[in-house]
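Residue-level structural notes
Below are the chains, spelled out letter by letter.
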Amino acid sequence: MSNEKIPYKIYLEENEMPKEWYNVRADMKNKPAPLLNPGTLQPMTAEELAPVFCDELVKQELDDTTPYIAIPEEIRNFYKMYRPSPLVRAYCLEKKLGTPAKIYYKFEGNNTSGSHKLNSAIAQAYYAKKQGLKGVTTETGAGQWGTALSMACSYFDLDCKVYMVKVSYEQKPFRREVMRTYGASVTPSPSTETEIGKKILADHPGTTGSLGCAISEAVEVATKTEGYRYVLGSVLNQVLLHQSVIGLETKAALDKIGEKADIIIGCAGGGSNLGGLISPFVGQMLRGEADYRIIAVEPASCPSFTRGKYAYDFCDTGMVCPLAKMYTLGSGFIPAPNHAGGLRYHGMSSTLSQLYDDGFIEATSVKQTEVFEAAEYFARVEGILPAPESSHAIKVAIDEAKKCIETGEEKTIVFGLTGTGYFDMFAYEKFHDGKMDDYIPTDAEIAESLSKLPKVD
Ligand SMILES: *Cc1c(COP(=O)(O)O)cnc(C)c1O
């Protein structure tokens, strides 16, 4: 039996862990469009980005040419506390489905923050410390990023101010307490602590907030507070770069057992886990060395790739951040309060947007209740209680494995299992009680939001 040949979990040795991140932009012929200064509409320079981001991270953000960037030893040592993460062969899921497909998932939930976000949090905190800063500010939606960053900041003894989307702040008090355990301060957003927060509250009284609002607040505080910079948990090129450890480890583990993926699937919020997972594989595609089918999965309630527009847009609601060219639903788009908080961002990484536009990746959207059906099915056979975000990838992996039953094809499917769902039990409860809905924005709602895109040609 194949069980005897390939173990359930394929681990790398510590000395097989990546020593460099892979920067997929270096191999892209069509580079992602640069960030623009919203005033001049010229590409943002390192000098202009310096008040917002740490210097080393600005360098990484703007670097479209260096393929491999060394991972500093201190970061690698931190990675060793929870990495390498396992690549798991989902034998039980395969058996239950009765599929000839081989299913693997890369599990990133094996750390206290419960998601892949720690991979970038530790890198960003390291560079902030190295620059001699006092602290960092950030936003968090569902809370995974804030948790990861608070862990990273306590490790490097940095102050951490988190603006948490109000709906999550109220729905997820335990996440909040984890962050405070690691020493972070947590403020519900929009708040009355910032100019932009006050303005958003005046314009939208009673709003439950959005990632876009929280970003505006965090940026305002970072730029107005001496010794602070802003850090972001997704979307940016630098974050995809750090998350490439996921893909590099996945590829190394597959190579180790002589396996080649046919289909690679990941959920897409701002694009960091998917970008990280697929980077080395897309690199091979870009260099003409191999071919893969890559699928981005997004919620039907926030469908940036499948129903958005490829255009320059603001990264935040308050329009204080640079403009990024990306698939977007408009920076004023506030998605229905679905339960995959990490996938509620209006835009998408500009690197992934360019790869999507060039046909290297495809995208699909799935409805909330079918995602939870897949989550529960997976939990019952594979044991892991998945995060709602991750379950978007599970849903499509299961669909692809079912297609193999019909065609009899033995495809190898790899998907990213980005995290665990222990803090999402209100969502699971709604699902179990039959109270979960599947709100999908209308064409008119999306068109209305897109009509407010900034005019850039
Ligand atoms: C944040 C998050 C996501 C989505 O963010 P990306 O930047 O698109 O990866 C997915 N899964 C989990 C568990 C998350 O915390």
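Shown above is the structure to which this text applies.
The text that follows walks through the structure, step by step, so that each part is easy to find. (Residues numbered from 1 in each chain as written. Predicted model: local features only at pLDDT ≥ 70, side-chain atom pairs only at ≥ 80, totals over all residues. Heavy atoms only, no water.)

1. A short note on the overall build of the protein chain
Tallying secondary structure elements over the protein chain gives 19 helices and 15 strands in all. For 457 residues, the compact-globule estimate of 2.2 N^0.38 gives 23 Å, and the protein chain sits close to it at 20 Å. For the protein chain, the spread of C-alpha atoms along the three principal axes comes to 65 × 50 × 45 Å. Every one of the 457 residues in the protein chain was classed for burial, and the buried ones make up 63%. Residue pairs in contact within the protein chain that sit at least 24 positions apart in sequence constitute 76% of those at least 6 positions apart. When the accessible area of the protein chain is evaluated, it comes to approximately 17300 Å², of which 51% is carbon and sulfur surface. The positive charge centre, built from 48 side chains, and the negative charge centre, built from 59, are 2 Å apart in the protein chain. (Helix = DSSP H or I, 4+ residues; strand = E, 2+ residues; numbered from the N terminus. Rg over C-alpha atoms; globule rule 2.2 N^0.38 Å. Buried < 20%, exposed > 50% of the residue type's maximum accessible area, 1.4 Å probe, protein only. Contact = heavy atoms within 4.5 Å. Areas by Shrake-Rupley, 256 points an atom, 1.4 Å probe, with all protein chains shown as cover. Lys, Arg positive; Asp, Glu negative; His and termini not counted. Charge placed at Lys NZ, Arg CZ, Asp CG, Glu CD.)

2. Some points on the site of the ligand
The full set close to the ligand counts 18 residues, and K117, S234, S272, N273 and T418 are the nearest of them. A distance of 3.3 Å is found between an oxygen atom of the ligand and a side-chain nitrogen or oxygen belonging to Q144. One of the side-chain nitrogen or oxygen atoms of S272 is found 2.7 Å away from an oxygen atom of the ligand. The protein chains hide 98% of the 380 Å² of surface that the ligand would expose on its own. Among the residues forming the shell around the ligand, the class breakdown is four nonpolar, twelve polar and two charged. (Near = heavy atom within 4 Å. Polar contact = N/O pair within 3.5 Å; in protein donor to acceptor, adjacent residues only side chain to side chain. Nonpolar A, V, L, I, M, F, W, Y, C, P; charged D, E, K, R; others polar.)

3. Points about helix α3 (residues 55–62)
Where α3 is concerned, the buried positions are L57, V58, Q60 and E61. One face of α3 carries all of its buried residues, which in axial projection span an arc of 165°. Looking at the buried side of α3, the elements it contacts are β2 (20–22), α2 (46–49), β3 (68–70), α6 (118–130) and α12 (237–256). (Arc of directions from axis to C-beta.)

4. Topic: the pattern of salt bridges
A complete count under the given rule lists 26 salt bridges for this structure. Put simply, K452 and E448 hold a salt bridge, and the shortest N to O gap is 2.7 Å. Using a relative accessible area of 44% as the deciding quantity, one classes E448 as partly exposed. Through salt bridges with shared partners, a single network forms among R83, K106, E108 and E249. (Salt bridge = Lys/Arg side-chain N within 4 Å of Asp/Glu carboxyl O.)

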